[in-house]
Each structure stands twice: as C-alpha cells, then as structure tokens.
Amino acid sequence: MSMTPREEELVARALLEDSALVNRYWKEKRWAELAALVRFARRDVSVELAQTDPALYRRLREQITRFFLLGGDVFSLEALEAKARG
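What counts, and at which threshold
- Residues numbered from 1 in each chain as written.
- Predicted model: local features only at pLDDT ≥ 70, side-chain atom pairs only at ≥ 80, totals over all residues.
- Heavy atoms only, no water.
- Helix = DSSP H or I, 4+ residues; strand = E, 2+ residues; numbered from the N terminus.
- Contact = heavy atoms within 4.5 Å.
- Expected span 1.5 Å × (residues − 1).
- Buried < 20%, exposed > 50% of the residue type's maximum accessible area, 1.4 Å probe, protein only.
- Arc of directions from axis to C-beta.
- Core = buried A, V, L, I, M, F, W, Y, C linked by side-chain atoms within 4.5 Å.
- Salt bridge = Lys/Arg side-chain N within 4 Å of Asp/Glu carboxyl O.

All right, on to the side chain of glutamate 8 then. The topology assignment puts glutamate 8 in helix α1 (residues 5-17). Those residues within four positions of glutamate 8 in sequence are excluded, and the remaining contacts are Met3, Ala36 and Arg39.

Here's what the structure looks like:
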C-alpha cells in the first residue's frame, strides 16, 4: 500500500488521536499505516506549526509524547516497512 505524504499524516494523526486504533491496526496487520505513525512521531512536529496553529502544535506534541510514553519507541520502523512490502 503506497500512501502520499498527506495520507500518511492523516493516518498518523488518527492513530495518535486514538491509541486503541494502534492495537486494532496491529491485530489487522496494517503495517503500512503503523509505519506511517512511527515515521510521523519520529519526525516530530514542525516548529513552524507552533506559530501558525499553536493549539494543533500543542495537541500533536502531547499525543507524540504519550505515544512514546506508552511504548511507541519499541516499534521497529524497518520491520514494519518490510512487513508492509510483503
């Protein structure tokens, strides 16, 4: 499954918004979406967003922090990408 950068961002933001979706996607083996989440979280939020949309910046920063505190750093991006390729 190939996604555009915008599609990846939307998927990642949806997964950050609802951590139960991460578990569901894992069970459904939706590796490409999980890889998009890890890429987005590791890339972090653009500092420019703090000036253009401070509320969104704060929310995304909090969600990414929560993702890592709940163990998101154990995801191997390389393994997820390999699984997504099949």
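Once that is clear, we can look at α1. Since the α-helix advances by 3.6 residues per turn, residues separated by three or four positions end up pointing in the same direction. Helix length check: α1, at 13 residues, gives a terminal C-alpha distance of 18 Å against a target of 18 Å (1.5 Å per residue), a fit within 8%. Turning to α1, its buried residues number three or more, namely Glu8, Val11, Ala12, Leu15 and Leu16. Buried residues of α1 fall within an arc of 135 degrees about the axis and therefore sit on the same side. Buried residues along α1 sit against α2 (19-27), α3 (31-43) and α5 (54-69).

Membership of the largest hydrophobic core comes to 26 residues, with the highest contact counts inside it found for Leu15, Leu37, Phe67 and Leu80. Broken down by secondary-structure element, the contributors of at least two residues to this core are α1, α2, α3, α5 and α6 (77-85). By residue number, the principal contributor to this core is α3, which donates nine residues. The contacts of leucine 15, once residues within four sequence positions are left out, are Leu21, Val22, Tyr25, Glu33 and Leu37.

Tallied over the full model, the rule gives nine salt bridges. Among the ionic pairs, glutamate 8 bridges to arginine 39, the shortest N-O distance being 2.7 Å. Placement of the pair is glutamate 8 in helix α1 and arginine 39 in helix α3, with a sequence separation of 31 residues. We note a salt bridge from arginine 30 to glutamate 28, for which the minimum N-O separation is 3.3 Å.

No statement about biological role is implied by the geometric values presented.
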